[in-house]
Amino acid sequence: MVEYAWLVPFFPLVAYLLLFVLGRRAQEGIVTTLAVLASLAGFVVSLSILSQVHANGPSGPYIFHWLTVGSFDLSVGYEVTALNAMMLVVVTFVSTLVLLFSKGYMNGDKRFVVFYQYLCLFIFSMLGLVISPNLLQMYIFWELVGLCSFLLVGFWYFKPEAAAAAKKAFIVTRIGDLGLFIGIVLVFVATGTFEYSGVFQAIQSGQLNIDWMSHDNFVTLVAILIFVGAIGKSAQFPLHTWLPDAMEGPTPVSALIHAATMVAAGVYLVARAFPLFEASPDALTVIAIIGGITAIFAALIGLTQNDIKRVVAYSTISQLGYMVMALGVSAYVASTFHLMTHAFFKALLFLAAGSVIHAIHHNQDIRKMGGLWKKLPITGWTFLIGALALSGIPPFAGFWSKDEILTGALQSGNTTLFVLGLIAAFCTAFYIFRVFFLTFTGEFRGEKDVYDHAHESGSVMTLPLVLLGIMAIIAGLLNSPVTGYAFEHFMHLDGELGQVHEPSIGMMGLSTVVGLLGIGLAYLMYKSKSINAEAMANGPLRPLYLLSFNKFYIDELYHYVIVVPVVWIARILNFVDHWIVDGIVRALGEAGYVSSLGLKYSQNGQVQTYGLITLLGTVLLIGISLYVVIGGIY
Amino acid sequence: MIAVEQYLTLAAILFCIGLFGALTKRNIIIVLVSIELMLNAVNINLLTFARYGLAPSINGQVFTLFTMTIAAAEVAVGLAILISLYRNRNSSDVRDQDLMKW
Amino acid sequence: MFSGLVITGQTVSFFLISLFVIACGVMLLSLKKVVYMAMSIGGVFIGVAGIYIMLEAEFVAFIQILLYAGAITIMLLFAIMLTRHDAIETPQKITAHPVWAALGSAAFGLIILWVVKFSGITWPVPAANSPWQGQDNVKLVGEALFSNYVIPFELVSVVLIVAVVGAITLANKEE
């Protein structure tokens, strides 16, 4: 079955093309059925691939000749490693549920079919990215998912915020993509190949075709350049600003693209190219630091946001920071494990948030929610499960993976990172339960009318929630003593990448206590109200509150440091173009126009005038020529 | 004996009369007539050289015949155009026919 | 200009005919009524036919009378009747246009006269005897037309047909 891995992206592609042919007037039921079936077929194939990889180990790559450039052959193909197989299952699983959920969420939208087209195209691109055996093919799909992200964030393009967010997402990630592209080109120059295996071999054997740089520096440079791509795609500090804005897109999109799959592509890329990074301790240090900063930074911002989707978005950035940090401290298995569990519980949180938003007429402000537990029991329960998983409370999924990352950070000897991670875990628990308490408990703070009409969504929306909730509970057990660390053994089918850390009871206890402390604080502040949250925000902590609430002024900083100067340069160039370059052209045109204005009066339409002028001209010519001839003769 | 110069002078005078008429007269018919006058002047020249040229030949007379034929065709078409114009614009004044004005 | 001019019957008739032709031409320019103008052009055509006879082109002179003085003049008269038969060439104000036209025409004529008389060109001295003495002019023209010039002749006939058809089409009232 592994040799049929190409079928997995093939199904969504077919669905995309069929939807494209069907056009906008297709019925919603047919469209949903088609897309879900395609994704489900991909999921089934992925599962069988997973079991086969589990039994026989990774296989491939299956390479086909694509085209020849000069003396170099470009190839395409696919490859299934343990990492790929895991990603395939996760992506297809989440995709199927999100496609199902969208049926309810996007119900009645005018561009319903277009939405499914984009989603299918995205799923195809993401799966293609996962099974790419070489950097070039990966890069092509990498850009394709970026495009789909752009299209879907800007899906409601008639909202100015959505259009601006789509542009921002595209441009900011493009900065990262540029780094990635340079990195890929450098790798090709040095090794003469795009294939992962070839690149790893060349780097490990030290046979690089470069003479302008030492081997170690070159590897560090390339690793960091490729990581820059990951920074952009995975919204790491300092290119994280696009992800919260991307929440302008429909919520299923946020769940699928901006939580579970595409933003994980950066982490996936680093994990996929991990042998390259392992060869450069410096690059790993950079990665660890960036990841750690992102984790704590986003968690701090998340504390004070009021938009339910933005809180979850900042938690996504924070969790991605965790994964990146784990890779940086060589905790490869922990990182990929967190990637998987995060995909489940974060998609769950987003879909649950979407369900809430859908129920109360697309209001996203948590200050206007409250007391929804009675109205939305399934949503409430699943959100609680997701929140617990995110907070790292045993036995939910997040506990096991986060615990491993913290263990890895501590055992790598970098205490600062460990402490940062611990604080971030505390903040995470606090802000997600802040959202939970504000949304589901207490009194409804919005219009009463809306509250009365709020009701649980249909089964197309609750079924994905329940399934993801189950996964959020049990996925963590895959790499626990209960299953004998099955996930770790599975990932090691790719080879012993990174370091394996011994889990310790003390660490588990510590992270659990931290998580419970965060939850407890949130309970005191927002449920029992024994600590006045507003008094704290307006009290001595106000500067800190404002700093967090305004996202550390990063957007403003970028605006004044980058956007404003660029706009001014553009204005100056525009002035030059408009008044000098265009000016010359227009002056010439005007000169022609004005002179023709004067000359046109000679065209009076009178044949006799023309004849007279012809006669006078003839006489003049004859006279001149006679004068010349006679002057010559005499 | 009439010399070549006398014939040529007569032709030149006729030609100039025709030219002036074609350039100044207002009635389209008269303009047409003036052009015929110029053609006649040319015919005189042709016949003069056919008779008194360096190589006298009957060809000059044949050429004159051709000229006259073409002139007749021209008058026929010209008058047809004139009638058509008159019908459309109700005027036979040259100066009223200025559709090609700016 | 008239040096060495011997007064003979030929010269006398030449000057008389010339005077007649030029007088008719000037009348054409100066008369007011369009009908009179058309009549005076008939005089020009007849006079020019006389010049043709003096140039020993009897057949052409005959055609001139037939075609110009006959057909074309009559056609002109018809055209005048069809348009505005009482049309009067209103006296022009002296504007720049006729002055310049007069000046231009005069200059053009003077240049020709200068070339003819004073530029030092030596014109061929006319032979005393006609080059085609004693031969039938019509026969000569006919032979030339139907031997050397047969193709132009046929082409001219095509042109005439086209002109006739075109004239009918143009003058035909649209229905």
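Residues numbered from 1 in each chain as written. Chains lettered and ligands numbered in written order. Predicted model: local features only at pLDDT ≥ 70, side-chain atom pairs only at ≥ 80, totals over all residues.

Trainee: I'd like to hear about the overall build of chain C, residue by residue, with values.
Mentor: Check the secondary structure of chain C and you find six helices and zero strands. Along the chain direction, N to C, the helices and strands of chain C fall in the order α-α-α-α-α-α. In chain C, the proportion of contacts linking residues at least 24 apart, taken out of those at least 6 apart, comes to 48%. (Helix = DSSP H or I, 4+ residues; strand = E, 2+ residues; numbered from the N terminus. Contact = placed C-beta atoms within 7 Å.)

Trainee: Give me the overall build of chain B: which residues, what numbers.
Mentor: Across its full length, chain B holds three helices and zero strands. Ordered by position in the sequence, the α and β elements of chain B form the string α-α-α. Nonlocal contacts in chain B, meaning residues at least 24 apart in sequence, comprise 47% of its contacts between residues at least 6 apart.

Trainee: Pulling in residues and values, what's your account of the interface of chain C and chain B?
Mentor: Counting residues at the interface gives 67 residues for chain C and 59 residues for chain B. Mapped onto the side of chain C that touches chain B, the elements with two or more residues apiece are α1 (9-30), α2 (34-54), α3 (58-82), α4 (96-118), α5 (137-147) and α6 (150-171) of chain C. If one sorts the elements of the side of chain C that touches chain B by residue count, α4 of chain C sits on top with 11 residues. For the side of chain C that touches chain B, the per-class residue count stands at 55 nonpolar, eight polar and four charged. (Nonpolar A, V, L, I, M, F, W, Y, C, P; charged D, E, K, R; others polar.)

Trainee: Please provide a residue-by-residue account of the nonpolar core, values included.
Mentor: Core analysis: the biggest nonpolar cluster contains 208 residues, and A35, C120, V270, A347, L348 and A472 of chain A have the highest contact counts within it. Of the residues forming this core, the biggest block, 18 residues, is contributed by helix α15 (residues 332-359) of chain A. Once you skip the residues sitting within four places of it in the chain, A35 of chain A turns out to touch A15, L19, L99, Y116, L119 and C120 of chain A. If you look at the next biggest cluster of nonpolar residues, it comprises 72 residues, including L615 of chain A together with A11, L23 and L47 of chain B. (Core = buried A, V, L, I, M, F, W, Y, C linked by C-beta atoms within 7 Å. Buried ≥ 20, exposed ≤ 12 C-beta atoms within 10 Å, placed from the backbone.)

Trainee: Tell me what's going on with unusual backbone geometry, and back it up with residues and numbers.
Mentor: In this structure, the amide linkage connecting F237 of chain A to the following residue, P238 of chain A, adopts the cis form with an omega of 5°. Considering the arrangement of structural elements, one finds P238 of chain A in the loop between α8 (215-233) and α9 (242-245). A positive phi is found at N90 of chain B, a non-glycine position, where the angle reads about 55°. Among the structural elements, N90 of chain B can be located in the segment after α3 (59-89). For N90 of chain B, a count of 10 C-beta atoms within 10 Å translates into the label exposed.

Trainee: Please provide a residue-by-residue account of the confidence of the model for chain C, values included.
Mentor: This prediction gives chain C a mean pLDDT of 84; 89% of its residues lie at or above 70. As scored by the predictor, the complex reaches a pTM of 0.67 and an ipTM of 0.89. (pLDDT = per-residue confidence, 0-100.)

Trainee: Could you give me a rundown of the confidence of the model for chain B, with the residues and numbers involved?
Mentor: Model confidence for chain B is summarised by a mean pLDDT of 87, while 98% of its residues fall at 70 or above. Per-residue pLDDT, averaged within each element of chain B, yields its smallest value for α3 of chain B (89) and its largest for helix α1 (residues 4-24) of chain B (91).

Trainee: Kindly report on α1 of chain B, identifying the contributing residues and their values.
Mentor: Counted at 1.5 Å a residue, the expected span for α1 of chain B with its 21 residues is 30 Å, and the 31 Å between its end C-alpha atoms agrees. Extensive coverage of α1 of chain B is indicated by the burial of 16 of its 21 residues. (Expected span 1.5 Å × (residues − 1).)

Trainee: Which residues make up the pairing of strand β1 (residues 59-69) of chain A, and what values go with them?
Mentor: Pairing analysis gives eight bridges linking β1 of chain A to strand β2 (residues 72-80) of chain A, with the strands arranged antiparallel. In the strand pairing of β2 of chain A, H65 of chain A is matched with S75 of chain A. (Pairing = 2+ DSSP bridges.)

Trainee: Tell me what's going on with α3 of chain C, and back it up with residues and numbers.
Mentor: One full turn of an α-helix is made of 3.6 residues, so residues set three or four places apart face in the same direction. Compared with an ideal rise of 1.5 Å per residue, which puts 25 residues at 36 Å, α3 of chain C spans 34 Å between its outermost C-alpha atoms and is within 8% of the ideal. Residue Q64 of chain C marks the point of greatest curvature in α3 of chain C, where the axis turns by about 25°. Residues of α3 of chain C that are buried: F59, V60, A61, I63, Q64, Y68, I72, T73, L76, A79 and I80 of chain C. For α3 of chain C, the secondary structure elements touched by its buried residues are α2 (28-52) and α3 of chain B together with α2 and α5 of chain C. (Bend = angle between axes of the 7 residues up to and from the residue.)

Trainee: Lay out the packing of α2 of chain B against α2 of chain C in plain terms, naming residues and giving numbers.
Mentor: Helix-helix packing is described using two parameters, namely the angle between the two axes and the distance between the axes. Two numbers describe how α2 of chain B lies on α2 of chain C: the axes approach to 11 Å, and their chain directions differ by 5°. The angle between the axes of α2 of chain B and α2 of chain C places the two elements in the roughly parallel class. Residues I29, I30, V33, L37, N40, I44 and L47 of chain B of α2 of chain B touch α2 of chain C, and the partners they reach there are V34, M37, A38, I41, V44, V48, I51 and Y52 of chain C. (Axes fitted to C-alpha atoms, helices over the stretch in contact; angles between N-to-C directions. Parallel < 35°, antiparallel > 145°, perpendicular 65-115°, else oblique.)

Trainee: Give me the lowdown on the environment of V141 of chain C, citing residues and values where you can.
Mentor: Tracing the sequence through the fold places V141 of chain C in helix α5. The exposure class of V141 of chain C is buried, given the 22 C-beta atoms found within 10 Å. Sequence separation of V141 of chain C and V60 of chain C is 81 residues, and the distance between their C-alpha atoms is 9.2 Å. Residues within four places of V141 of chain C in sequence aside, it is in contact with I58, Q61 and V62 of chain B together with F59 of chain C.

Trainee: Hey, could you go over the environment of D216 of chain A for me, with residue numbers and the actual values?
Mentor: Residues and elements named next belong to chain A. Mapped onto the secondary structure, D216 falls in helix α8. We classify D216 as partly exposed; it has 13 C-beta atoms within 10 Å. With 63 residues separating them along the chain, D216 and A279 place their C-alpha atoms 8.0 Å apart.

Trainee: Can you lay out the packing of helix α1 (residues 7-22) of chain A against helix α4 (residues 112-131) of chain A for me, pointing to particular residues and giving the numbers?
Mentor: Residue and element names in this part refer to chain A. Viewed as axis vectors pointing N to C, α1 and α4 meet at an angle of 155°, and their least axial separation amounts to 8 Å. Comparing the axis directions of α1 and α4 gives the class roughly antiparallel. Seen along the crossing, α1 lies across α4 with a hand that is left-handed. Along the contact surface, α1 presents V8, P9, P12, L13, A15, Y16, L19, F20 and L22, while α4 presents V113, Y116, Q117, C120, L121, I123, F124, L127, G128 and I131. Looking at the contact of α1 with α4 residue by residue, the class counts come to 17 nonpolar, two polar and no charged. (Left-handed = near helix turned anticlockwise from the far one by under 90°.)

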